[in-house]
Every structure is written in C-alpha cells, then in structure tokens.
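Here is what each chain is made of, one letter per residue.
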Amino acid sequence: MSIASKEYRTITQIAGPLVFVEKTEPIGYNELATVTMPDGTQKRGQVLDTSDDVVVIQVFEGTTGIEKAAGVKFLGETMKMPVSRDMLGRILSGAGEPIDGGPAITPEKRLDISGAAINPWARAEPMEFIQTGISTIDGMNTLVRGQKLPIFSSSGLPHNDIALQIARQSKVRTGEEFAVVFAAMGITAEEAQYFMSDFERTGALKRAVVFMNLADDPAIERILTPKLALTTAEYLAFELDMHVLVILTDVTNYCEALRQIGAAREEVPGRRGYPGYMYTDLASMYERAGRIKGKKGSITQIPILTMPGDDITHPIPDLTGYITEGQIVTSRELHRAGIYPPINVSASLSRLMNAGIGPELTREDHKAISDQLYAAYAEGKDLRGLVAIVGKDALSERDQHFLEFADAFEDKFVRQGTDEDRDIETTLDIAWELVAGLPINQLSRIDRKYIETYHPEYRKSE
Amino acid sequence: MEKHGTIYRVAGPVVTATGVSPKMYDVMLVGEEGLMGEVIKIDGDKTIIQVYEETSGLRPGEKVVDTHHPLVAELGPGLLSSVYDGIQRPLPVLMEAMGDFIHRGVSANGLDRKKKWKFEPTAKKGDKVSGGSIIGTVKEFYLTHKIMIPPGVSGTIDEIYEGEFTVEETIAKVDGKDIMMMQKWPVRAGRPFGKKLLPDIPLITGQRVLDTMFPLPKGGTAAIPGAFGTGKTVTQQQLAKWSDTEIVVYIGCGERGNEMTEVLETFPGLEDPTTGEPLMQRTVLIANTSNMPVAAREASVYTGMTIAEYYRDQGYNVSLMADSTSRWAEAMREISSRLEEMPGEEGFPAYLAARLSEFYERAGRVENHNGTNGSISVVGAVSPPGGDLSEPVTQNTLRIVRVFWALDSRLRERRHFPAIHWLTSYSLYTNGLNKWYRENVAEDFPDLRQWAMEVLQRESELQEIVQLVGSDALPDEQKMTLEIARMIREIFLQQNAFHSVDTFCPLERQYVMLKLIKKFSDQSSKAVESGVAVDDIVAMPIRNRLAMAKYEETIDDELAAIDKDMVNAFDSLGGKA
Ligand SMILES: Nc1ncnc2c1ncn2[C@@H]1O[C@H](COP(=O)(O)OP(=O)(O)OP(=O)(O)O)[C@@H](O)[C@H]1O
Ligand SMILES: [Mg+2]
C-alpha cells in the first residue's frame, strides 16, 4: 500500500503560508501535498522540511481557511507540469489550470517543474542577433537568442509597452518567429488586460502560452508561476524545437512572495529582509534561458521588474543584475521629457552583444559606432550638469558639440513610436547622422576605415 | 554488510542522519541513490551533512553510509583542459551519463582511469625519495607533467618502471609501497611545501592598467570587487587568457552558465602568448554555476585550489581565478543558516573571515620540497550587494589581499574599460616589484608610472574647479594637464578586451605607449609656454595617431614612427621659439 493515499489529521501548527504536520510516515523532501478542508475544498502545497518528527508544508493557495482538523495527503512525487503542443494559444492560471474556458490540457508529458540545471558543457553560445526594432536595444544593447535580458523599470513607466513592442517586433534575420510564454506574477487585472488585448489584436496569442497570477491571487502561488512557465518553455524549445521568448512580469512581486515565506519560516533574513538564498532562487529561474548544443530551439528571457523606490541597488534589481546577461534600464527623466521608449542607455548593458554583432551578423561598424555613441552621450550628459552652473558660453567649442549631441541623440535615436519597427541598418544610419555633428577628430572610438565607409561626409562625396 | 545510519531530517541541501559516528568532513553517501555529501557538523547523536546534489524526494528513514574519507581531489595527468563541477566530476562524463541537464546520483572520477600515459622515469632504483620528490615525467599536452611521490611517503626506490601506464597502475615501489601517478588529496587542507619566497616577479597579464599601474606578482593575491556588470568576469577571463603562467585554474563559482560556455568555446582557439599552444591545454575549468547545488559550490574553490597546488608542487606558476568569491560566501551562509548557527554580520557565519584568509593563505610563491620553485597567484572576484564595499565579504577580503582593483560603476557607464579606478585601486607589491621593472623593462619605468599617477591625481583636483567655473576659465597650462590626463585615460588605461590587437599589450609596448604620452606632454608644455593654443595642440594629427595606434596590426612600427615624427610635428605648430 503506498503512503500516497494515507490522510493525516495531525496538523499542529499553521503559520503564514506554512502548515506543520506530525506523526507521518517518512515523507520526501519537496514532495507535493494536498490539504483538504472539512468542506471538501483542496489546496496544494510542497514539503519544505521533513523529519521523523515534523513535516513542514508550504501551501500555494495560502493558508486562509485551513484549520487543524484539515486532512493532509502526500502525493509521493514532486510537482509536475503536464505539457503539450496544444498549450499554444491557451490561458492558464498562475498555478497552471486553464482559465480560458477551453478544455483541459491533454498532456503529452509530465515534467518536473523545478527544472534541472543545464550542464554547462551542453550549452551552446547565444549569438544570433534578434532585431527588436528598437534602436536603443538593437544598436547599443543588442539582444541575442538564448539571452536573459531584464527590463529594470519603475512604477508608472511604460515597461509594458516596451515588452509588448519587443514581443511583437522581435525577429531573427532568417525570419523565424518566436513562440511567446508569458507569465504574469501579481500584476493588476488592468495590466493583464492590456497584455491580453495586444496579444489578441496582433494575433500573437495563437503562438503564446499565458500564465496569469494576478494581484488578488494568492501570493504564494506566484512562487510556482515562473517555474510552470519555464517548464513549458523548455518543452517547447528543447523538445519541440521552437524559439521561445519568455516574458516574466513582475519579478518584484515574485520576490515579495519569497520574502513572505522566509518570514513565516522565521529564517534569518539577508539584505532588507529578503531571504539569504534569493540569489540562488532567482538564478535557478533566470538560468533556464539558453541554447543547447544540437538542439534547434532556444529560450530567450525578458523578465520585467519594478525597482522599489527607483533604487537600482535594491536587492531585487541588484541580484537580478548579477545573474542576467545585462539589463535594460528605464529612466523617469526621459519619460518626463516625453521620450518613448525612455531607455537609459548608459545604465543599460547587453553582455552578449559582442557575440551577436559585426560583419555578417549585423554590420561591421556596429561595435565601433555603438561605443562612440556611449562615450559621446556620456560626455554630453556630464556637460549638461556643468551648463546648469556656468552657462553654455563657458564651454569650449568642442564641448558645445557634445552638449548638442546629447540632445539630438535622445530626440532622434532614443525616441521612436510604439509601432515603429526600425531595422538595424536604419538604426545604425541614424547613429552615423548623429555622430556627424561631432568634429571628425573627436571620433576616437571608430576605426578610420569605418569612418571612410559610413560617415555621411564621406558618403556624400562618393 | 556495512553498518549504516538513517536519514532523520531533510531540509534543502542539509540532511541530518542518526546511527552513524563519522569524523568531521567525512564524505557520506546519502539515501538509496547514494548522493554524495560531507559531514559539516556533529551534534550529539546527530550528524549533519551538506549534500552536493539535489535532495528532492529524499525521505527520513533512507540509509546513510560513511565512506570514512574526506572529500579529495584526484591529482595526476589528465587534469589539463578538463571541465569539472565543484566536486571534480567531469561535466562531459556527466553529460554522457545523464544528458543535457544535470540530474543526480551519478558519480564520476576526476581522472580518466583508462587512458594510458607514457611515463619516463627520472629517478632510479636505490634513490632516496620523500613526499614531493620528482621520480619521472609525463607529457600532458605540451607541459612536462612531473610525477611526484605523494606527501607522507618516503623511503628508497625498490623498483621504477618505464612505459605506458594508467593513473592507477604501479610505476614504482618505495620501501615495498606501490606508487602510482594518481594522488588523492583532501581539498580542504593545503598541500605541504618547503618555504614561502618573496613574491618579487610580476605576473604579466598584458593589461596596461594592471601591469603598469597596479601590478600583481606571481604568488600574490588580488581582489576585484565591483557591482554587477562592471567587468569582473571580463578582467578575470583576460587574466586567464594572457597571464604568463604555465597553468590557469578558472573557478566559475555560482555564476552564469553561458560564461562557462564562452570559455569553452573561445579558449581552445586562442594561443597561449608565451608558448603559442592552445590556451585550453593549460587550463582547468571548474564550472559550478549558480543553479547547480550550493554545497558543491561551497566545495568548488577548494577543489580548484588543490589542483593549483598540485601544479605548484611541480615547480610551475599557476594563476587561479575565482568568480565569484561572494557566491562562495553565500553558499556558506545558506548552509550555515540551515544549521541554525548563530549568524554574524549580514547573516554570514562567524567563521567567514577565517575561511577567506585560509583560502588566500594558500596562494604564494614557494620553494617546494623537491627544490623547485612554484607559485599560485590568486585573483578573487567579489560581488558586493548594491556595489557597497562596506559589506562583510569585501571588507574581510580587503583585509587579506594585497592588491585591490576597484571597479567603478561610473566608469562602466562611460564605457571606460577596464573600469578599474586609478585613484582608488592599489597594489601593496609595487615597491617590491620596482627592481624587477627597472632591470627588465626600463630604468625609468617606476618614475614613468609615478608621473602618470600624478597627472591623474592633478586632474581630479582640477575637475573640482571645472565643476564650478567651467574649463574655459582655467589657464592654458592647466587645460593642457587635463588634456594629458585624458590621453592617459583614453589611450593608455582604456583597453578593449574584445579588440584583436588591443586585448593584449606586452609590457615593453606598455612602456613605449606611456613614454610617448609623456613625450607628448613635455612637448606640449613647451608649446603652451611659447604661446600655442591648447586647442591646436589637441587637434594635431599626431595626437590622433597616438590614440588610434593601439588598434593597428602594425602597432609597434606605428609607435616607432610616432616617436620619430613627434618633435617635428610640434615644431611645425610654430609658436615663438
Ligand atoms: N576590458 C573590457 N573591454 C571591453 N568591454 C568590457 C571590458 N570589461 C568589461 N566590459 C564590458 O562590460 C560587460 C560586463 O562585464 P562583466 O561580465 O565582466 O561584469 P561582471 O563584473 O563580471 O558582472 P557580474 O557581477 O554581473 O558577473 C561586458 O559584457 C563587456 O561588455
Ligand atoms: Mg561576472
């Protein structure tokens, strides 16, 4: 007789999302459990700690309504996700149940949701350029297939528009389309609606799997949502050969849920009350992006997070930045100035950019012109501070050029429409027009040969 | 049948067992699958074990077996070009056994048991030997791998054989004891050596800001702390690529999978700057990424260090990179908190400082028992939360290491790479190395460095004034100082790791470049004095040539040409003589 069927009525303590059960048979760590309330409703949970004396269960749907008389069953296995090709086009809850009124998913496979680590030896280097059509990303913070590149945003900024624009416009040069796995964690119904209507409008839903954990859904369920989404993505990518774009929003809500569990377990907290293992926890989520040698598919991740108090040193953006391969940072200042997308390129970074750009991939001058934009923009921005104090006239002629450059850069390069899909050549050409406003001998980041080929001055004289 | 204990409790990577009485740090086999773990605490009848693999599904009552030996590294031919996890399991072997993803319950030997190596004895029958004595050699790629008597063994060679052997076959007998090529050594203990030597030879890395400004000697210790994205990994990879050591041990400790892949894909195609052989053939890679088990992450730095010591014992210079020591410290914290130990600062265990200093203490240039000299240079990345250097891992590390390469977020935002700040970084070895630089590069090398540092210091003072009044208000001589400082920063200190020429700059060239900037400075001072406008000096084509030379294939010829043309160029500016 398997222990899976035995029901215990030995709950001794309920604290936060945790339920403590005593006098059980030996129960496996991380196994799934169900808690049945006297009225018959069931909640699911997972074993966090198991010993001869007590078993601690973390209940996903929250412990509201659970009493000591509730019955607990252990299922004898860790949490599995039923997956199938038919999930494309479906909308599921944050716990993986269909909520679109459609039929139950007929599983082709059931996969463990915690996801094993990809053997580093099996990984293939991400290097295929993804054209998002957004200049600040393609030109200066290039995204490649298999990368994890988060958006660090702040409340009130249009990160959702940016994410949607990326999801809509992203393509590789060979023209293949992405399947989208979208995981909402604790966002508002209104935000969710915004995403859904865009998916429907553009027909993206047909090639998307949507997981919805909304603000009023149980916080603990949020711990599951990205795991379910990424398990699905792994199936689509590595078993069905698809290129998958995973959008996770908002990771901040996920981390709050982690903190809540930590507090309930009375753990020694790390920085600002977040669990000490949050780095490892986030890493096991973000590291599920990538490519595998010999497999056609790939997983590209765009997690979105809002920085509490606009503070990039807050543990959530900080730990994320330490794991992801760069970050796209939005700026309240640019947003206030009416610039969309308000991407602050100076604070942004794509670490895999070098692998994805250059001759044959994008264009030979890409790296040089991008470096030049960074340097000139940084200098121009510094000068703005100075001008505020000493006035424009105190600047040398050289410096005035840089000052003007910074303004033109924000106006022409950064600014673009939500539906404006610039190809990489357009992006790079705009860049050249901008640097042409600087004295040629100040273009210290660009090799002579590229200046001779791409600088508008030389092009004119052709 | 061996007596075994049982699991009492499972909480994440920490398992409590009863019914066994092992020694501290004994390796235990946990559960029906025999997952590897290590005893980290003994408390009455309870034994607490950190398990190196996923513990999902493990349940109380399953058996626990004591292996009665501590975690060891296998040392011998076959280490070079290997890629291991934190407990020295070769990742290619794991992939063969379990596919693209890492599952659990597979054990794998650190060294290949089947491969035969050609052993050539250098000792003979009747020789007296002891721990560390070299008795023969094996070719491991282009390296002469020296086979040594394991520590603790001594006596007279009864027999010694020549020929092809596996690492487990007997190659010699010493007082009746079989000697084979493979040694096992407990990773948490340093291997013995004769005595420490003064680290007075620089590690040449080909990185200008490091070699010229803040040098690290062979056998020295350095920390490279910085917020995310400031350049720790790129710098460490540059060191792994270009350092003039025979061996490189690169430990990816709790960092990204893709970074390991990058090393694996690029290193085999790059040449060792000294020997011209493929870089991977002098490299041992330990890849325990952030999503792999934390207990194995904790062990990874010790595994790497033990391998480094083994090559040091053979008389080689080894450089060891640990990226990132903060993730190692966090693994300690995570395990310590599961033990419900009294936490110290920011939840780190009270023994954090002790562990860090024990680790860095294993660096050094030494004279070995066999008479050779070897060294281990250690460079540890530190990832301070929020970039705040006052946190415990950075602070404890800086108390130990003698070189501090300070990465700066503002520099990285400006794309000034390497983003190592020239005013906050330091090397406490500089004075001790000056003699070497004088004798091997140029008599005036230390003075030239001093000059550059002074200009940069002066720049930062002038910048404060500029912030108040604008640069146009400065006298020409000071404007010129700012321009020279800009040249030092942009031409000399900035170095693009991804540019085929600029990525590596030999020491002689570093000297020539800096010397030319100094010459430009001297000439321009004279020109300014004689009334030439600063803008005209800055606009000189020769300045631009100097700036762009580092990207030219023919850089050394170009530098020589610039040297020749410099005085003429200034003369043609006019100005009153
Ligand atoms: N010497 C350099 N030359 C050119 N680019 C560099 C250099 N150093 C750093 N960079 C740039 O900075 C980026 C980030 O560097 P790196 O990955 O080394 O940061 P890190 O400090 O290791 O960050 P993390 O703590 O998140 O791992 C690189 O992807 C590269 O674009
Ligand atoms: Mg790094």
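Positions within a chain are numbered from 1, following the residues in the order the chain's sequence is written. All chains are assigned letters beginning with A, and all ligands numbers beginning with 1, in the order in which they are written. Thresholds applied to this predicted model are a pLDDT of at least 70 for local features of residues and 80 or more for the giving and counting of side-chain atom pairs; totals over whole chains, interfaces and linings are not thresholded and use all residues. Hydrogens and waters are ignored; side-chain quantities use all the structure's heavy atoms.

(A) Just the overall build of chain A, in detail. Broken down by element type, chain A carries 14 helices and 23 strands. Taken along the three principal axes of its C-alpha coordinates, chain A extends 85 × 50 × 40 Å. Throughout this description, buried means an accessible area under 20% of the type-specific maximum (1.4 Å probe, protein chains only), exposed means over 50%, and partly exposed covers the range between. Buried residues in chain A amount to 61% of all 462 residues. Summarising the internal contacts of chain A: among those between residues at least 6 apart in sequence, 72% fall at separations of at least 24. Numbered from the N terminus, helices here are DSSP runs of H or I no shorter than four residues, and strands are runs of E no shorter than two. Should any heavy atoms of two residues lie within 4.5 Å, those residues are considered in contact.

(B) Region of the structure containing the site of ligand 1. In this text, near means that some heavy atom of the residue lies within 4 Å of the molecule or strand in question. Surveying the vicinity of ligand 1 reveals 20 residues, the closest of which are B:Gly229, B:Lys232, B:Thr233, B:Val234 and B:Arg256. More than one chain reaches ligand 1: its neighbouring residues belong to chains A and B. Contacts described as polar in this section are N or O atom pairs within 3.5 Å, which, within protein, must combine one atom able to donate a hydrogen with one able to accept it, while residues neighboring in sequence count only if both atoms come from side chains. Contact distances for ligand 1 include 3.4 Å between an oxygen atom and a backbone N or O atom of B:Thr230. At a separation of 3.0 Å, a nitrogen atom of ligand 1 approaches a polar backbone atom of B:Ala497. Relative to its free-state accessible area of 630 Å², ligand 1 is covered by the protein chains to the extent of 95%. For the shell around ligand 1, the secondary-structure elements that each account for two or more residues are helix H7 (315–323) of chain A together with helix H3 (232–242) of chain B. By the convention adopted, Pro, Cys, Tyr, Trp, Phe, Met, Ile, Leu, Val and Ala count as nonpolar, Lys, Arg, Asp and Glu as charged, and the other residues, Gly among them, as polar. Tallied by class, residues from the shell around ligand 1 come to nine nonpolar, seven polar and four charged. All accessibility values rest on the Shrake-Rupley procedure with a 1.4 Å probe; residue burial counts only the protein chains present in the view.

(C) Expanded view of the environment of A:Lys43. Residue and element names in this part refer to chain A. Mapping Lys43 onto the fold places it in strand E5 (residues 42–51). As a C-alpha pair, Lys43 and His159 span 116 residues in sequence and 34 Å in three-dimensional space. Not counting chain neighbours up to four residues away, the residues in contact with Lys43 comprise Ala33, Thr34, Val35, Met37, Val59, Glu61, Gly62, Thr63, Thr64 and Ile66. Within polar-contact distance, the side chain of Lys43 engages the backbone oxygen of Thr64 at 3.0 Å.

(D) Spotlight on the sheet that holds strand E10 (residues 117–121) of chain B. Residues and elements named next belong to chain B. One open sheet holds the four strands; their spatial order is E13-E12-E10-E15, and the pairing between them is antiparallel. With one partner strand each, in any of the chains shown, strand E13 (143–148) and strand E15 (163–165) form the two edges of the open sheet. Sheet twist, expressed as the average angle between the axes of neighbouring strands with direction ignored, equals 40°. Note on pairing: DSSP must find at least two bridges between two strands before they are called paired. The sheet contact formed by E10 and strand E12 (residues 134–140) spans two bridges and is antiparallel. Paired with Glu120 across the strands is Thr137, a residue of E12. All axes here are fitted lines through C-alpha atoms, helices being fitted over the stretch that makes contact, and every angle between N-to-C directions spans 0 to 180 degrees.

(E) Representation of the interface of chain A and chain B. Contact with chain A, which involves 83 residues of that partner, is made by 80 residues of chain B. As used here, buried area is the combined drop in accessible area, with a 1.4 Å probe, of two parts when they are placed together. Buried area between chain A and chain B, both sides added, is near 6600 Å², and the carbon and sulfur share of it is 50%. On the chain A side of the interface with chain B, the three residues burying the most area are A:Trp121, A:Arg271 and A:Tyr322, jointly 12% of the side's total. Should a side-chain nitrogen of Lys or Arg be within 4 Å of a carboxyl oxygen of Asp or Glu, the pair is scored as a salt bridge. Scanning the region where chain A abuts chain B turns up seven salt bridges. With a closest N to O distance of 3.8 Å, B:Arg486 and A:Glu379 form a salt bridge.

(F) Just the domain arrangement of chain A, in detail. As used throughout, domain bounds are those supplied by an automatic or database domain assignment. Split into domains, chain A comes out as domain 1 (3–78), domain 2 (81–355) and domain 3 (366–461). The straight-line distance from the C-alpha centre of domain 1 of chain A to that of domain 3 of chain A is 61 Å.

(G) How the structure looks around the pattern of salt bridges. The final tally for this structure, using the stated rule, is 81 salt bridges over all chains. As a salt-bridge pair, A:Arg288 and A:Glu234 come within 2.9 Å of each other at their nearest N and O atoms. With A:Arg288 in the loop between helix H6 (278–286) and strand E20 (290–292) and A:Glu234 in helix H4 (residues 225–239), this pair connects stretches of sequence that are 54 residues apart. For B:Glu298, the salt bridge identified is with B:Arg355, shortest N-O distance 4.0 Å. In this pair, B:Glu298 is assigned in helix H5 (residues 294–313) and B:Arg355 in helix H7 (residues 352–361), connecting sequence segments 57 residues apart. The exposure classification of B:Glu298 matches that of B:Arg355, with both residues buried. Linked through salt bridges whose partners overlap, the residues forming this network are A:Glu379, A:Arg398, A:Asp399, B:Glu483, B:Arg486 and B:Glu490.

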